[in-house]
Amino acid sequence: MFQSLLQITLAVTLTDALKEALAKNERVVNQGDAIAQADLGLRLARNTFKPKVTPNMFGSFGRTDVSSQTYRVDVSQKLVTGTELRLSTGTVSAQIPGQLGQAATDVLFYNADTTMTLSQPLLRGLGPSVARRSLTTAELRRQDADRQQALSEQQVAIDVAAAYYRVVSQQSFVEVATQSLLRARRLRDASEAKLDAGLVSQLDVLRSQQLVAQAETQLFDAQSGVEDARDQLTFLMGRRSTETFTVDSDVPRVAPEPIDVAAATHMALSNRLDLKSRIAARDDAENQIRYSRNQLLPQRSEEHTSE
């Protein structure tokens with residue numbers, strides 16, 4: 001009873017095998033790392049178009065009457081059109097000594113200034129296709145990582161289903177080979193009994209013994225095929241090779257829906273992930289051509305500064 005309960009506990013269905021493989025398979029896990037790397041690259045590219053604040057302080061926090069103190073804050077913002085805004089504000093202290101012969105102390109002055117600069121490239125670097133080139137590339141890599149993830153999951157699912165049904169088929173071969181071996185042994189026993197009675201010749205007994213040897217070889221091959229198929233399924237599921245399990249040999253029968261060639265072709269052209277990757281690569285190549293052409297233009301920019 002304990003053994004049968006253990007077998008029921010360790011039984012694996014096709015759905016369980018697919019879920020476990022999609023969570024532990026090495027290819028899927030590695031593709032998840034590639035997605036994380038693409039996310040980091042996308043965050044880094046987006047930081048280019050986020051506001052940047054740069055403080056600059058030179059002086060003393062303890063005394064306020066020390067000359068040559070500098071306190072400045074620079075804020076910059078780059079837009080996807082190539083426009084760059086920069087705002088700088090700060091103050092500098094200066095000390096003027098008192099006049100000779102007078103008891104007046106030194107005078108400390110603070111000079112403050114605020115500068116706003118607007119720069120816009122007119123030829124080279126003009127347009128979103130040039131300014132956000134790094135961001136566009138990062139977005140394409142992130143999208144391609146998602147497609148590769150889905151493609152890996154599909155391939156793993158197909159491999160798991162094939163390995164699962166290979167185990168089921170090899171188990172059926174073992175059952176057939178076992179029945180063949182039992183029949184061959186009964187035939188051998190009957191031939192040996194008839195030989196003792198003088199009803200058959202020694203050649204008939206040798207033939208029955210040869211059939212037993214062939215049935216044993218077929219059973220051994222079928223059992224080896226089961227172990228190989230189970231090892232492949234174990235690897236695809238991401239399990240350790242020492243874990244034992246059984247598979248559900250009940251294969252559900254689903255009537256396939258008929259589909260013609262035109263509908264299958266349209267579905268493939270609309271949903272194939274590798275085709276979408278090729279389309280994205282073509283668009284990226286066109287963007288690269290526009291970017292290269294823009295880099296051949298002369299350098300010219302317009303800058304406005306107000307204080």
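Structural notes, computed from the coordinates. Along each chain, the written sequence defines residue order, and numbers are assigned to residues from 1. In keeping with the predicted nature of the model, local features appear solely for residues at pLDDT of at least 70, side-chain atom pairs appear and are counted solely at 80 or more, and the whole-chain, interface and lining totals rest on all residues. Only hydrogens and water are removed before side-chain values are computed, so all heavy atoms of the structure are retained for them.

**Description of the overall build of the chain**
Each helix and strand counted, the chain has eight helices and seven strands in total. Categorising residues by exposure relies on relative accessible area from a 1.4 Å probe, with only protein chains included: less than 20% of the type maximum marks a residue as buried, more than 50% marks it as exposed, and the intermediate range marks it as partly exposed. Counting every position in the chain, which comprises 307 residues, the buried fraction comes to 23%. Within the chain, counting contacts between residues at least 6 apart in sequence, those at least 24 apart form 69% of the total. The accessible surface values rely on the Shrake-Rupley method and a 1.4 Å probe; as for residues, cover is taken only from the protein chains in view. Surface exposure of the chain reaches about 21100 Å², of which carbon and sulfur atoms provide 57%. Per the convention used, a helix needs a DSSP run of H or I reaching at least four residues, while a strand needs a run of E reaching at least two, with both numbered from the N terminus. Contact definition: two residues touch when any of their heavy atoms are within 4.5 Å.

**Quick word on helix 6 (residues 202-237)**
Expected span of a helix: the number of residues minus one, times 1.5 Å. Taking 1.5 Å of rise per residue, 36 residues should cover 52 Å, and helix 6 covers 53 Å from first to last C-alpha, within 8% of that figure. Phi turns positive one or two residues past the end of helix 6, at G238, with a value near 80 degrees.

**Quick word on the nonpolar core**
Nonpolar cores are built from buried Ala, Val, Leu, Ile, Met, Phe, Trp, Tyr and Cys residues. Side-chain atoms within 4.5 Å join them into one set. Counting residues in hydrophobic clusters, the biggest one holds 16 residues, and the most contacted among them are A17, V160, Y164, L233 and V247. Those elements that provide at least two residues to this core are helix 2 (14-24), helix 5 (133-197) and helix 6. The contact partners of Y164, leaving out residues within four places of it in the chain, are V12, T13, L14, A17, L233, V247 and D248. In terms of nonpolar packing, the next biggest core, distinct from the first, is built from nine residues, A184, L219, A222 and V226 among them.

**Some details on a nonpolar patch on the surface**
Distance thresholds for patches are 9 Å for like charges and 5 Å for nonpolar side chains (Val, Leu, Ile, Met, Phe, Trp, Tyr), applied to residues having over 30% relative accessible area and no salt bridge. By salt bridge we mean one thing: a side-chain nitrogen of Lys or Arg within 4 Å of a carboxyl oxygen of Asp or Glu. Together, V53, V73, V75, L87 and M116 make up an exposed nonpolar region whose accessible area comes to about 390 Å². Its place among the elements puts V53 in strand 2 (residues 52-58). Assessed through its relative accessible area of 57%, V53 is described here as exposed.

**Details of the packing of aromatic side chains**
Only Phe, Tyr and Trp rings are paired, with Trp represented by its six-membered ring, and only when their centres lie within 6.5 Å; those with planes under 30 degrees apart are stacked, over 60 edge-to-face, the remainder tilted. As enumerated under the stated definition, the model contains one aromatic pair in all. On the numbers, 5.8 Å between centres and 85 degrees between planes, the contact of Y164 with Y165 is edge-to-face.

**A short note on helix 3 (residues 26-46)**
With 21 residues, helix 3 should reach 30 Å at 1.5 Å per residue; the first-to-last C-alpha distance of 30 Å fits that figure. Buried within helix 3 we find V28, Q31, I35, A38, L42 and A45. Down the axis of helix 3, the smallest arc covering the buried residues is 85 degrees, so these residues share one side. In helix 3, the exposed positions angled more than 90 degrees off the buried face are occupied by E26, Q37, L40, R43 and L44. On its buried face, helix 3 sits against helix 2 and helix 5. Where helix 3 begins, the capping side chain belongs to N25, and its oxygen is found 2.9 Å from the backbone nitrogen of R27. What the arc covers is the set of directions going from the helix axis to the C-beta atoms. N or O atoms within 3.5 Å of each other form a polar contact, as long as, within protein, one can give a hydrogen and the other can take it, and as long as residues adjacent in sequence are counted only when both atoms are side-chain atoms.

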